[in-house]
Amino acid sequence: MSRDNVQKSMGVFAAVFAHTGHISKEEAQRMSGLSPQAFEEVYAKAAGVAAKMQKAQSNKLEQFLNGLGDEIDGYMKNFFI
């Protein structure tokens, strides 16, 4: 897996915490190591994960993990070969 895909995966992860108000968007971008333009891509993906978590009545962790998996699947395609 390329470094770019790892950074994007980590960016989605960190951006979910930014969407839920636990860290700032700037902190999430710094954690990911992505350029501002690349971070905007993953920040948009993280919005869907955060929305699913916030709508969940129970087991928010399961929604987080499933949503995260759905969003980073493209970045991980060659990892499990």
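Source: prediction; values computed, not measured.

**Student:** What am I meant to see in the environment of Ala56 here?
**Tutor:** Mapped onto the elements of the fold, Ala56 is located in the loop between α3 (36-55) and α4 (60-76). Residue class for Ala56 comes out buried when judged on its relative accessible area of 13%. Sequence-wise, Ala56 and Met10 are 46 residues apart; in three dimensions their C-alpha atoms are separated by 23 Å.

**Student:** Hey, could you run me through unusual backbone geometry in this one?
**Tutor:** Leave glycine aside and you will find that most residues have negative phi; peptide bonds, for their part, are mostly trans. Positioned with a positive phi, Asn59 is a non-glycine residue whose angle comes to about 50 degrees. You can see Asn59 is positioned in the loop between α3 and α4.

Basis of the calculations
Residues numbered from 1 in each chain as written. Predicted model: local features only at pLDDT ≥ 70, side-chain atom pairs only at ≥ 80, totals over all residues. Heavy atoms only, no water. Helix = DSSP H or I, 4+ residues; strand = E, 2+ residues; numbered from the N terminus. Buried < 20%, exposed > 50% of the residue type's maximum accessible area, 1.4 Å probe, protein only.

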